[in-house]
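# Survey of secondary and tertiary structure
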Amino acid sequence: MNLLYPTFTLRQFGWMFVFGAVGALIAGVYGILHDQITFTLGYEYFTEFKFHQFHYLDQSQPERLLVAEIGFLATWWVGFFAGWFMGRTTLPRLSLKQSAQLSLKGVGIMMLTALIFAIIAYTIAPKTAEDPVMARWQGLLTPNDVIDAVAFVQVGYIHNASYLGGLVGLIVALIWLNRQAEVGGRGGVRKG
C-alpha cells in the first residue's frame, strides 16, 4: 500500500471521519481532565494566560467550567486528526473491527505518551523562583502580574510537554499501526 496516496472506498473514507470523531471525543475528555489537574497545580496559568487566549468564551461562568471548555477546545482537534490518520493507516488493509480495535490502542499509546511527557516535564520544571530558567518566562509573567510564578511555569512546562508527547505518541502509534496493518493484511493481526 502506498502510504502517501492510499486507495479508499467511499465507505472507508466515511469511517475515517468516524474514527476522527471518536478521537476528538477521547482527546477532548483527556484535555478536560488534564486542564482540571493543571488548574489545581497553577490556576494563574489559566486566569492570566489561557482565559485571555480563549477570550471569546463566556468569562462569567464558574472557573472550573471555563477550564473544562478550554481543555476540550485545546485538544479535540488533535484527537480528530490522530483518529483520522489512524483510520487512514488501518482501514485500507484491515476489517473495520480490526481497524477500530487497533486505532483505539493507538489512541491509548498517544495519550500514555503525552501523560509520560507531562509527568517528566513537571519533574524537571523549576522548583524555585531563583532557578535561572525562570528568566525565560518573564515575558509572560511580568505583564500579567503573576503572583505564583513557579506554579505558572510548571503548568506551562506540563502543557508544552503534553503537546510534544502527543505528537511523539502519534508518530509511534502510526508506526506501530502500520506494522500491525501490514501483518494483518497478510493473514491476521499479530498478537501483542
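If you're wondering where the values come from, they're calculated on a predicted model, not measured in any experiment.

## With respect to the nonpolar core
If you look at the biggest cluster of nonpolar residues, it comprises 24 residues, and the most contacted ones within it are Phe 46, Trp 137, Leu 141 and Tyr 157. Counting residues per element, the ones that place at least two in this core are helix H2 (44-53), helix H3 (63-90) and helix H6 (149-184). For this core, the element with the most residues is H6, which contributes 7 residues. Those residues in contact with Trp 137 that sit more than four places away from it in its chain are Phe 152, Val 153, Gly 156, Tyr 157 and Asn 160.

## What about the packing of aromatic side chains?
Enumeration over the complete set of coordinates arrives at 12 aromatic pairs. Their ring planes at 75° and their centres at 5.3 Å tell us that Phe 13 and Phe 17 sit as a pair that is edge-to-face. With Phe 13 and Phe 17 both in helix H1 (residues 10-41), this residue pair falls 4 residues apart, about one helical turn. Of the residues examined, Phe 13 reaches a relative accessible area of 36% and is grouped as partly exposed. Ring geometry for Phe 54 and Tyr 56: centres 6.0 Å apart, planes at 55°, overall tilted. A relative accessible area of 54% places Tyr 56 in the exposed class.

About the cut-offs
Residues numbered from 1 in each chain as written. Predicted model: local features only at pLDDT ≥ 70, side-chain atom pairs only at ≥ 80, totals over all residues. Heavy atoms only, no water. Core = buried A, V, L, I, M, F, W, Y, C linked by side-chain atoms within 4.5 Å. Buried < 20%, exposed > 50% of the residue type's maximum accessible area, 1.4 Å probe, protein only. Helix = DSSP H or I, 4+ residues; strand = E, 2+ residues; numbered from the N terminus. Contact = heavy atoms within 4.5 Å. Phe/Tyr/Trp six-rings, centres within 6.5 Å; stacked < 30°, edge-to-face > 60°.

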